[in-house]
Amino acid sequence: QVQVVESGGGLVQAGGSLRLSCAVSGAIFSVNDMAWYRQAPGKQRELVALISSGGTVNYRDSVKGRFTISRDNVKNTVYLQMNSLKPEDTAVYYCNAEGVRAGGLIQIYWGQGTQVTVSS
């Protein structure tokens with residue numbers, strides 16, 4: 001069994017900050033890419049930020065300079081530090097992880113989602 005647990009969402013005023021966490025645990029040998037996606041009402045889910053096992057990062061243009069993705073490979077945890085939040089950042093944020101199971105099997109896991117609401 002593999003568990004993916006997110007935390008850190010909430011309500012914040014424009015210009016404020018939040019820090020999201022996502023911990024992967026269970027029968028995982030290692031974790032490859034980890035990422036944060038978000039989905040606003042009536043819109044498609046979109047990639048926000050991605051970090052490889054080696055620490056290479058990618059961000060969508062709208063969050064560059066404001067968001068920082070990082071990871072702790074010992075804890076199999078990925079973080080998203082969100083600064084200078086804007087109302088358009090309001091969405092449900094989902095953690096995504098590519099895990100390697102015993103025998104080299106690769107599976108994709110999703111967190112339960114955490115609501116981020118930015119008020120103006």
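Above this text is the structure in question.
This text gives an overview of the structure that appears in the document. (Residues numbered from 1 in each chain as written. Predicted model: local features only at pLDDT ≥ 70, side-chain atom pairs only at ≥ 80, totals over all residues. Heavy atoms only, no water.)

**Examining the overall build of the protein**
The helix and strand tally for the protein stands at zero helices and 11 strands. Ordered by position from the N terminus, the helices and strands of the protein form the series β-β-β-β-β-β-β-β-β-β-β. Radius of gyration (C-alpha) of the protein: 14 Å, near the 14 Å computed for a compact globule of 120 residues. Taken along the three principal axes of its C-alpha coordinates, the protein extends 50 × 25 × 25 Å. In the protein, which comprises 120 residues, the share counted as buried stands at 38%. Excluding contacts between residues fewer than 6 apart, the proportion of contacts in the protein whose partners are at least 24 apart in sequence is 53%. A gap of 2 Å separates the mean positions of the 11 positive and 8 negative side-chain charges of the protein. (Helix = DSSP H or I, 4+ residues; strand = E, 2+ residues; numbered from the N terminus. Rg over C-alpha atoms; globule rule 2.2 N^0.38 Å. Buried < 20%, exposed > 50% of the residue type's maximum accessible area, 1.4 Å probe, protein only. Contact = heavy atoms within 4.5 Å. Lys, Arg positive; Asp, Glu negative; His and termini not counted. Charge placed at Lys NZ, Arg CZ, Asp CG, Glu CD.)

**Remarks on the environment of Ser 7**
Relative to the elements of secondary structure, Ser 7 occurs in strand S1 (residues 2-7). Exposure remark for Ser 7: the relative accessible area of 39% places this residue in the partly exposed category. For the pair Ser 7 and Gly 104, spaced 97 residues apart in sequence, the C-alpha to C-alpha distance is 29 Å. Those residues in contact with Ser 7 that lie beyond four places of it in its chain are Arg 19, Leu 20 and Ser 21.

**Observations regarding the packing of aromatic side chains**
Overall, the coordinates contain one aromatic pair when judged by the stated rule. In this structure, Arg 45 is placed above the aromatic ring of Tyr 94, and the distance from its NZ or CZ to the ring centre is 3.8 Å. The side chain of Arg 45 reaches across the aromatic face of Trp 110, ending 4.8 Å from its centre. (Phe/Tyr/Trp six-rings, centres within 6.5 Å; stacked < 30°, edge-to-face > 60°. Lys NZ or Arg CZ within 6 Å of the ring centre and 35° of its normal.)

**Some thoughts on the sheet that holds strand S8 (residues 77-82)**
Pairing in this open sheet of four strands is antiparallel, and the strands run S1-S3-S8-S7 from one edge to the other. If you trace the sheet from one side to the other, it starts and ends with S1 and strand S7 (67-72), each paired once. Strand-to-strand twist across the sheet, computed as the mean angle between neighbouring axes with direction ignored, equals 15°. (Pairing = 2+ DSSP bridges. Axes fitted to C-alpha atoms, helices over the stretch in contact; angles between N-to-C directions.)

**A look at the side chain of Asn 76**
Here Asn 76 is to be found in the loop between S7 and S8. Owing to a relative accessible area of 18%, Asn 76 belongs among the buried residues under this scheme. Among all residues touching Asn 76, those that are not within four sequence positions of it are Cys 22, Ala 23, Val 24, Val 31 and Met 34.

**Quick notes on the state of the cysteines**
Simply put, the disulfide is a covalent bond whose two ends are the sulfur atoms of two cysteines. Throughout the structure, instances matching the rule amount to one disulfide. With its sulfur 2.1 Å from that of its partner, Cys 22 forms a disulfide with Cys 95. Sign of the S-S torsion, about -80° for the bond between Cys 22 and Cys 95, identifies this disulfide as left-handed. Residue Cys 22 is found in strand S3 (residues 18-26), and its partner Cys 95 is found in strand S9 (residues 91-100); the two are separated by 73 residues along the sequence. Relative accessible area serves as the criterion here: at 0%, Cys 22 is assigned to the buried category. (Disulfide = S-S within 2.5 Å.)

**A look at the side chain of Ser 52**
You can see Ser 52 is positioned in the loop between strand S5 (46-51) and strand S6 (57-59). Given a relative accessible area of 16%, Ser 52 falls into the buried group. In this structure, Ser 52 is in contact with Asn 32, Asp 33 and Arg 71, ignoring residues within four places of it in sequence.

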